[in-house]
Protein chains: 4
Amino acid sequence: MATRARASAEQEPAARFEAVRRLSRDIAAPLSDADATIQPMPDASPAKWHLAHTTWFFETFVLRDHVDWYRPFDERYAYLFNSYYEGEGERQDRPKRGMLSRPSLAELLDYRRHVDEALLRALPQLPEQAVELLELGLNHEQQHQELMLMDMLAAFAENPLLPAVWQTPGSTAAPLPEPVQWIENRSGIHRIGHEGPGFAFDCEGPGHEVLLRPHALADRLVTNGEWLSFIEDGGYTQPALWLSDGWARVREQEVEAPLYWIRSDAGWSRFGLDGLKPVNAAEPVCHISYYEADAFARWAGARLPTEAEWEAAASESDPAGGNQLDRAGPVRPTGSGEMFGDVWQWTMSAFLPHPGFEPAQGTVGEYNGKFMCGQMVLKGASCATPRGHSRASYRNFFYPHQRWQFAGLRLARDL
Amino acid sequence: MATRARASAEQEPAARFEAVRRLSRDIAAPLSDADATIQPMPDASPAKWHLAHTTWFFETFVLRDHVDWYRPFDERYAYLFNSYYEGEGERQDRPKRGMLSRPSLAELLDYRRHVDEALLRALPQLPEQAVELLELGLNHEQQHQELMLMDMLAAFAENPLLPAVWQTPGSTAAPLPEPVQWIENRSGIHRIGHEGPGFAFDCEGPGHEVLLRPHALADRLVTNGEWLSFIEDGGYTQPALWLSDGWARVREQEVEAPLYWIRSDAGWSRFGLDGLKPVNAAEPVCHISYYEADAFARWAGARLPTEAEWEAAASESDPAGGNQLDRAGPVRPTGSGEMFGDVWQWTMSAFLPHPGFEPAQGTVGEYNGKFMCGQMVLKGASCATPRGHSRASYRNFFYPHQRWQFAGLRLARDL
Amino acid sequence: MATRARASAEQEPAARFEAVRRLSRDIAAPLSDADATIQPMPDASPAKWHLAHTTWFFETFVLRDHVDWYRPFDERYAYLFNSYYEGEGERQDRPKRGMLSRPSLAELLDYRRHVDEALLRALPQLPEQAVELLELGLNHEQQHQELMLMDMLAAFAENPLLPAVWQTPGSTAAPLPEPVQWIENRSGIHRIGHEGPGFAFDCEGPGHEVLLRPHALADRLVTNGEWLSFIEDGGYTQPALWLSDGWARVREQEVEAPLYWIRSDAGWSRFGLDGLKPVNAAEPVCHISYYEADAFARWAGARLPTEAEWEAAASESDPAGGNQLDRAGPVRPTGSGEMFGDVWQWTMSAFLPHPGFEPAQGTVGEYNGKFMCGQMVLKGASCATPRGHSRASYRNFFYPHQRWQFAGLRLARDL
Amino acid sequence: MATRARASAEQEPAARFEAVRRLSRDIAAPLSDADATIQPMPDASPAKWHLAHTTWFFETFVLRDHVDWYRPFDERYAYLFNSYYEGEGERQDRPKRGMLSRPSLAELLDYRRHVDEALLRALPQLPEQAVELLELGLNHEQQHQELMLMDMLAAFAENPLLPAVWQTPGSTAAPLPEPVQWIENRSGIHRIGHEGPGFAFDCEGPGHEVLLRPHALADRLVTNGEWLSFIEDGGYTQPALWLSDGWARVREQEVEAPLYWIRSDAGWSRFGLDGLKPVNAAEPVCHISYYEADAFARWAGARLPTEAEWEAAASESDPAGGNQLDRAGPVRPTGSGEMFGDVWQWTMSAFLPHPGFEPAQGTVGEYNGKFMCGQMVLKGASCATPRGHSRASYRNFFYPHQRWQFAGLRLARDL
């Protein structure tokens, strides 16, 4: 019996590995070699780079470190596709990732095959530590799947032709959601942070108690329609609504709407993976910075939730529910009314270590800890997050000015 | 009796007002008109600007708004000396404050006299709200007294002649402090934040409960001697010790020591308000960024305290004790062993609103709230903080890269 | 007879048109879609962009303006592929040309076919003015052929793999050239500038007299071997050899050798269209800025020639001689000893209008005149210049800091 | 008799030295220590710096190098007040000259006295070479007198109070000048450049022949009234009028008028050393870049003169005539109708070496030669040029974008 369970456990990782790896290829499927090469800004990476970097992660931390017989596909790739692991040596400057027209997309798909085959072959004999790194690698790849969708959108948005990544039929107009209901959340001492079995990133733990004060959360996300009211009410022109750093950005970059919104005589459109479409008032607002989220909340007489409030509220929601990524395609927020999905939700909490946080050992310990400064936590999941990847303790993080991620907001208020 | 108490209450504010205002003048006393005019970097302001801006604060929010008979000294000063109050209209660009060779230092001292006389004359009849603004103004001026000392040091440090602001005799060598003792601090639910009578800035409140986990704090500040060990051990050359943003700065700006440290064949010197002197190993380290404090703590196998931990520990210390500013002069951290004084202490807490925070009404509500993003909290007080200004709930804040403030660190660790 | 001559004249332009257009395609032949898309720096354009822009030139100024029946391939291309003609409306920002992953290389080759077919069909009936624009377009395309080679080299040089655009067998070592002979050039009044029949760019005319003083020109170009002596003699470390702006660049960018030179333990290599090869001491030095050329000349006790001196000396040389571009391939300077070819030769003359210069009428009048400020003239032709394109009156021009063009130098001196 | 003549020759330099040195002090007389300390932009230096740098020039190249008994006033000044002489070692970064609040203005006036006394004492025994350097130093100081006036204007223009450097009564309206008359200038071979006795900067020589083609020059400078017509005709909005680099600047910096012009409801005013005054249509336009001068000329159907044309035309004019600087005060262009004075006149000639140019020997050889790239020649003299300083061969030079100098234009055209 033990043997059988063991076999099944071996089979499962293989299937899971293949499924995750396949999704990355599927996301890149509509891309030409050129599409997959360009880099629209230093924050965003070429799709080819994502495909190769996720592969390098498995090759380095699983195969190179734990599989004697493995021979690297190309020694030079370590320099090209290391992201930021100082422990792994020098690497291509981030703003120059878009210069890698070679290796070609086809060569990098070969690279993926080479590593996939080796990994599947090595899998049954992998030591425990390598299995954990494999799981880390899969979660890492899922993060890059969302990044690929973000970066592909950013790249296509730089093209004056505004090509759709995926063509879609026109969507039927969704009904406007009901006015927000305020849901009283728990208060007092509550336990958050990851603990127990199951994969989580190092930064999600350890589990720990937090003290919550009386408050309520909105039962749904802020919509485009509500955002249009904010715009029409002069939201982008009143300094009193804004954090000082946010107001400086608004003025310097002449921000007047979410990223990818374009104004024409016919009103506001938004560019997405499905091309240029009219802004749909019923859908959740997306591609806003922390500064914008914060200003909107102030304008609305509310505030953003704290990470702990959000996590406490989500502890009984299904993290695999809502509008999340099931297969490659032109995802967009549509508004499911659930706690997870559609857009990542800005919180008013800075991305700092949980009490008692210890980074993982070794080079992978650079994974999250070294980014714990200057960024804000987002919770939930977005339409571009692979379903099953997120959970209540998940801590996404971005700088307050960043807007190219699928980010929106849910309001909170004190009781 | 009531009358007499009233009279005394009237007298007291006047004396306090005169004392605070005098200290600003005393700090500026060693400066020539030119010294008081230059601006060494956008973050720092000329001494003249501080002298005038603090005066504008009283003139605007107390005299203009609450005293009928008051006539402004010069209508044009509002443009020159408003700092960042959007509600008060356009103003001189911050990086151009160093272009104000006119008005002269003498004219601005006249401006101060004009406002001081009017304020003292108006004081007995000021309405309650104006008295509160007066108190705010005095605390505001105390903040600028410390800023003046910081900015004067920054300005003189740009001069290749490295002139001392104040000449001092050589100090006798202090004995090295004992090894750190770890003091177990309270855990469980504790109340922090300002509440009750007495002045506090809006961001210090409201009082609220926090949950502390078992931890200990060092009984003293980190010293220059310990910092030299960090340097000698390659602290500035090992990326694994650093936050990612911090490491980028270290590389880009070739940081290899605290600000104002200069290496020569004879070893390390540091520039201060008393000129260039050898680094004293016994004194608390000063002029370090959050990145440096965080890297040092990691190197030392410890961490920075949270704001709540620090505040809980300080709740029974005397906030007016230790090495703080009593009179104008070449202050420097010397190491008193107390909780307050010498240097502001970086915490690992971001400067975010306390739960339930509401900014003050009106333009002065821009005071703190709009800076609640991207900065870290520092607690305590420094040798440049006017004694009596700080308290346990006090929240100083700077961006993680900033170093020109009198900032150092005290270590903490989990139990 | 007249009829026959006419027919022949009609046939000739067609053959010439086809040959020029074919060469561009041949140059791009080794490029993938991705290779042809990336932009290594704002000064350089993607190969795809060159292929399309040259086509847009014919489409716009010949077909659109002179051929009734012509229908544009895609109306949106005008925005994408206009270079800098203000008279033709808004256009893609130059530093963003590398964002055009779409249209694909294949689509742009279709675009070329579409325009080529229309142009060949329209050719027999083209009015005189259009025939002139056709000739201008062909010369324009030849310029872009050289730019393509320059920009492809710049793009591949950004790739850490340093791929060769074209693989070549190792070349046999060339013998070192003889020491320079000084050739006395004519002095007194001489006529330069284009006049008479034959195509020339507007900036080459009008013909005019210049006064030459006694001087001599070197009989050959400066070699890599001589440049190595300059380096070894501290050429890049002595400010007295450099123009002030040049010295600032050398320090800021840590320049220590020509562009594309790489130092290793085995000595200097240089990256070229044929990949990374050892520096060949016998070959002409290439990829140097005006600042470097000027510093070298000062070091050598000589100077650069003036444009007029060079042009006078070249008036009896064959402009189609020497090492110029005959077919697509890994061209490099080899040193022919002729006046034209190998590398463009920096002169000490600024690119300013010849006396009596009038720009061409219409939008094409923006061709050269508006660049007559801040740039220096280069004369001759390079190994990347299509043979037959240049002539003695030809005026190439670059900013003094630019180095990615095939530029070297020939020394001059006063007699 | 010889003795007496000798004595007189000795006396004359002393008087001249004293007069030149006095004028610098007089120019600085209205400045406070603070006024003399601030630096409005990297191109401009503080007045204190000019006062000290000119003194350092005499101290270094005359006293230190040629007078045994001389002891420097302060060894540290060499670092502070060297401008750009690489041969004289390291120096204060140019953009940081505004950080020198110490030494004070009073100390630097002491420095001047110290050097002046030493120089006057050494003068009778100075060797020939030192006398030449003294003459160079006096001409150098005159250049800095004009720079001081330019830089003082730039500094006061940064002050929102727009203080006048010198108060003046309102000037009476000048009558508009007559329409331009075109004066035919000589053509054929003409000799320009400095030769023969009398002081000239190294870059003015050697004398040499140039070939002039038939052309005419306007008999007067372009006026503010004409410039207003250019503005009203959309001069700043039509790209076809502009050099490419100039148009990029106009757009990026939103240029719409000469520097220091301010538009209000009451029309255009201009800020000058006499404060803010209405633009006077009769006066020569001033504070324009080369780009603006060139665009205006194109708009007017004319061109700028070449350096040789201008110099040939000026060869019989009195270089000491017109509106030039006689004593310290609020100089401004008023329009004298002479060849010299009012404003420096942009030519269409780049600042390049005259044929046969050799820089002076030694460190002073860095004086002009190393700036011979990227700048354009201006001829004549301005209202801020000390009378007697300029001559027909004088070559002033600025980058094409610079505007803070007293520069205007005179039109030319081909015949």
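An account of the accompanying structure is given in this report. Predicted model, so just to flag it, every value in this text is computed and none were measured.

Quick notes on the interface of chain D and chain C
Then, in step 1: On the chain C side, the residues contacting the 30 residues of chain D number 30 residues.
Then, in step 2: Between chain D and chain C lies a buried interface of about 2,300 Å² when both sides are counted; carbon and sulfur atoms form 65% of it.
Then, in step 3: For the pair chain D and chain C, the interface holds 5 residue pairs in polar contact (both at pLDDT 80 or more).
Then, in step 4: Put simply, the parts of the chain that give the side of chain D that touches chain C at least two residues each are strand S3 (208-212), helix H7 (244-252), helix H8 (290-299) and strand S8 (344-350) of chain D.
Then, in step 5: Residues of the side of chain D that touches chain C, tallied by class, amount to 20 nonpolar, 4 polar and 6 charged.

Focus: the pattern of salt bridges
Then, in step 1: Counted according to the given criterion, the structure contains 113 salt bridges over all chains.
Then, in step 2: Between glutamate 292 of chain B and arginine 403 of chain B there is a salt bridge, with its nearest N and O atoms 3.0 Å apart. Highlighted residues: glutamate 292 of chain B in helix H8 (residues 290-299) and arginine 403 of chain B in the loop between strand S10 (396-398) and strand S11 (407-408), separated in sequence by 111 residues.
Then, in step 3: Between glutamate 307 of chain D and lysine 379 of chain D there is a salt bridge; the shortest N-O distance is 3.2 Å. On the criterion of sequence distance, the pair formed by glutamate 307 of chain D in helix H9 (residues 307-314) and lysine 379 of chain D in strand S9 (residues 376-380) is long-range, its members being 72 residues apart.

Details of the arrangement of the chains
Then, in step 1: The smallest C-alpha distance separating chain B from chain C is 14 Å, and no contact links them.
Then, in step 2: As for chain D relative to chain A, no contact occurs, and the smallest C-alpha gap between them is 14 Å.

Details of the interface of chain A and chain C
For interface size, the figure often reported is the accessible area lost on association.
Then, in step 1: With 27 residues of chain A at the interface, the matching set in chain C holds 27 residues.
Then, in step 2: Buried area between chain A and chain C, both sides added, is near 2,300 Å², and the carbon and sulfur share of it is 59%.
Then, in step 3: Linking chain A to chain C there are 4 salt bridges.
Then, in step 4: Across the pair lysine 96 of chain C and glutamate 158 of chain A runs a salt bridge, and its minimum N-O distance is 2.7 Å.
Then, in step 5: Our count for the chain A to chain C interface comes out at 9 residue pairs in polar contact (both at pLDDT 80 or more).
Then, in step 6: Here the side of chain A that touches chain C is composed, by residue class, of 13 nonpolar, 7 polar and 7 charged.

Looking at the relation of the copies chain D and chain C
Then, in step 1: At an RMSD of 0.0 Å, chain D and chain C line up after a rotation of 180 degrees and a shift of 0.1 Å along the axis. Expressed as a symmetry operation, the mapping of one chain copy onto the other fits a two-fold axis. When each C-alpha of chain D is compared by its distance to the rotation axis, glycine 374 of chain D comes out closest, at 2.5 Å.
Then, in step 2: Looking at the interface residues of chain D, 100% of them are also at the interface in chain C, so both copies use one shared face.

Some points on the sheet that holds strand S4 (residues 215-218) of chain B
Residue and element names in this part refer to chain B.
Then, in step 1: Across the sheet, which stays open at both edges, the 3 strands sit in the order S1-S4-S12 with antiparallel pairing between neighbours. Looking at the sheet topology across the chains shown, the edges are occupied by strand S1 (182-184) and strand S12 (412-414). Sheet twist, expressed as the mean angle between neighbouring strand axes with direction ignored, is 30 degrees.
Then, in step 2: For S4 and S12, the ladder comprises 3 bridges, and the chain directions are antiparallel. For leucine 217, the partnering residue across the bridge sits in S12 and is alanine 412.

Observations regarding the environment of leucine 134 of chain D
Residue and element names in this part refer to chain D.
Then, in step 1: Along the chain, the position of leucine 134 falls in helix H5 (residues 128-157).
Then, in step 2: Look at leucine 134 and you get buried, because its relative accessible area is 3%.
Then, in step 3: Here the alpha-carbon distance between leucine 134 and leucine 63, two residues 71 residues apart in the chain, equals 9.6 Å.
Then, in step 4: Once residues within four sequence positions are removed from consideration, leucine 134 is found in contact with Phe17, Phe58, Val62, Leu119 and Leu123.

What counts, and where the lines are drawn
Residues numbered from 1 in each chain as written. Chains lettered and ligands numbered in written order. Predicted model: local features only at pLDDT ≥ 70, side-chain atom pairs only at ≥ 80, totals over all residues. Heavy atoms only, no water. Contact = heavy atoms within 4.5 Å. Buried area = accessible area lost by both parts, 1.4 Å probe. Polar contact = N/O pair within 3.5 Å; in protein donor to acceptor, adjacent residues only side chain to side chain. Helix = DSSP H or I, 4+ residues; strand = E, 2+ residues; numbered from the N terminus. Nonpolar A, V, L, I, M, F, W, Y, C, P; charged D, E, K, R; others polar. Salt bridge = Lys/Arg side-chain N within 4 Å of Asp/Glu carboxyl O. Least-squares fit on C-alpha atoms with pLDDT ≥ 70 in both. Pairing = 2+ DSSP bridges. Axes fitted to C-alpha atoms, helices over the stretch in contact; angles between N-to-C directions. Buried < 20%, exposed > 50% of the residue type's maximum accessible area, 1.4 Å probe, protein only.

By themselves, these observations are geometric and do not establish any function.
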